[in-house]
Amino acid sequence: SSKQQQGGQAEVRWPLPDGWLQGLEAATLARLPALQPWLLLQLLRAFAARGHALGPRWLAALLLVLQPWGGRLSGGQLRALAADLGAVVAAHSAGGGAVASGGALLPAGCLRALADQAAARAACSGPAGNGGGGGSGGALAAATGVGRDEAQALLEAAAALSALSQ
């Protein structure tokens, strides 16, 4: 059953027992390489929606597994990835969490690689994301399937992922 939190916060439909998210994180860590990219993104979204501060090993594994798929993920998927990673970073900050080893929470190299892939795909749409125009830019956009809206989403994703890597 649902319960309404005090202070007008969002409704929690399914309260989880203490330690449940930590257990799920531990159980999924070794299995991340076997999961399809869309499932990885949904799993991250679920953790982020619950405000769970995922550990650096899980996040590094996630980004390493997603890196080869970066060229196939849509601009919307990459934007959502950046937003969910930002939520996880915020959960760490809100909980006073610090990375035990003193290193970064998110591996900057993986984030930069995903950002570079998104920016390169956006560039395939031609000048200034003009996928529908004539000339070689329009032909390139038609060949790559990157239109104006997708190019904009890819550029936004590239910027968000780059910002997280700093």
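### Let's talk about helix α5 (residues 108–123)
No. 1: Its 16 residues give α5 an end-to-end C-alpha distance of 22 Å, which sits within 8% of 22 Å, the value for a rise of 1.5 Å per residue.
No. 2: Listed as buried for α5 are Cys110, Leu111, Ala113, Leu114, Ala115, Ala118, Arg121 and Ala122.
No. 3: On its buried face, α5 sits against α3 (56–66), α4 (75–94) and α7 (148–164).

### Brief notes about the pattern of salt bridges
No. 1: Under the definition given, this model contains three salt bridges.
No. 2: Ionic pairing is found between Arg79 and Glu156, a salt bridge with its closest N-O pair at 2.6 Å. Remark: Glu156 occurs in helix α7 and Arg79 occurs in helix α4; sequence separation between them is 77 residues.
No. 3: Note on Arg79: relative accessible area 37%, which makes it partly exposed.
No. 4: Look at Glu156 and you get partly exposed, because its relative accessible area is 34%.
No. 5: A salt bridge links Arg121 to Glu150; its shortest N-O distance comes to 3.7 Å. Residue Arg121 is located in helix α5, and its partner Glu150 is located in helix α7; the two are separated by 29 residues in the primary sequence.

### Description of the packing of aromatic side chains
No. 1: As enumerated under the stated definition, the model contains one aromatic pair in all.
No. 2: Directly above the ring of Trp69 sits Arg72, whose terminal nitrogen or CZ lies 4.7 Å from the centroid.

### Some details on the environment of Gln166
No. 1: Position of Gln166 relative to the elements: it lies in the segment after α7.
No. 2: With a relative accessible area of 81%, Gln166 lands in the exposed category.
No. 3: For the pair formed by Gln166 and Ala104, sequence separation is 62 residues and the distance between their alpha carbons is 9.4 Å.

### What to know about helix α2 (residues 37–49)
No. 1: Taking 1.5 Å of rise per residue, 13 residues should cover 18 Å, and α2 covers 18 Å from first to last C-alpha, within 8% of that figure.
No. 2: Those residues of α2 lying buried are Pro37, Leu40, Leu41, Leu43, Leu44, Phe47 and Ala48. Projected onto a plane normal to the axis of α2, the buried residues spread over an arc of 160° and lie on a single side. Opposite the buried face of α2, by more than 90 degrees, sit the exposed residues Trp38 and Ala49.
No. 3: Packing partners of the buried residues in α2 comprise α1 (20–29), α3 and α4.
No. 4: Gly51 sits one or two positions beyond α2 and adopts a positive phi of about 70°.

### Notes on the packing of α5 against α7
No. 1: One way to put it is that α5 packs onto α7 with a least axis distance of 8 Å and a crossing angle of 160°. It follows from the interaxial angle that α5 and α7 lie roughly antiparallel. As for the relative orientation of α5 and α7, their crossing is left-handed in sense. Between α5 and α7, the contacting residues are Leu111, Leu114, Ala115, Ala118, Ala119, Arg121 and Ala122 on the first element and Glu150, Ala151, Leu154, Leu155, Ala158, Leu161, Ser162 and Leu164 on the second.
No. 2: Its residues placed into classes, the contact of α5 with α7 shows twelve nonpolar, one polar and two charged.

About the cut-offs
- Residues numbered from 1 in each chain as written.
- Predicted model: local features only at pLDDT ≥ 70, side-chain atom pairs only at ≥ 80, totals over all residues.
- Heavy atoms only, no water.
- Helix = DSSP H or I, 4+ residues; strand = E, 2+ residues; numbered from the N terminus.
- Expected span 1.5 Å × (residues − 1).
- Buried < 20%, exposed > 50% of the residue type's maximum accessible area, 1.4 Å probe, protein only.
- Contact = heavy atoms within 4.5 Å.
- Salt bridge = Lys/Arg side-chain N within 4 Å of Asp/Glu carboxyl O.
- Phe/Tyr/Trp six-rings, centres within 6.5 Å; stacked < 30°, edge-to-face > 60°.
- Lys NZ or Arg CZ within 6 Å of the ring centre and 35° of its normal.
- Arc of directions from axis to C-beta.
- Axes fitted to C-alpha atoms, helices over the stretch in contact; angles between N-to-C directions.
- Parallel < 35°, antiparallel > 145°, perpendicular 65-115°, else oblique.
- Left-handed = near helix turned anticlockwise from the far one by under 90°.
- Nonpolar A, V, L, I, M, F, W, Y, C, P; charged D, E, K, R; others polar.

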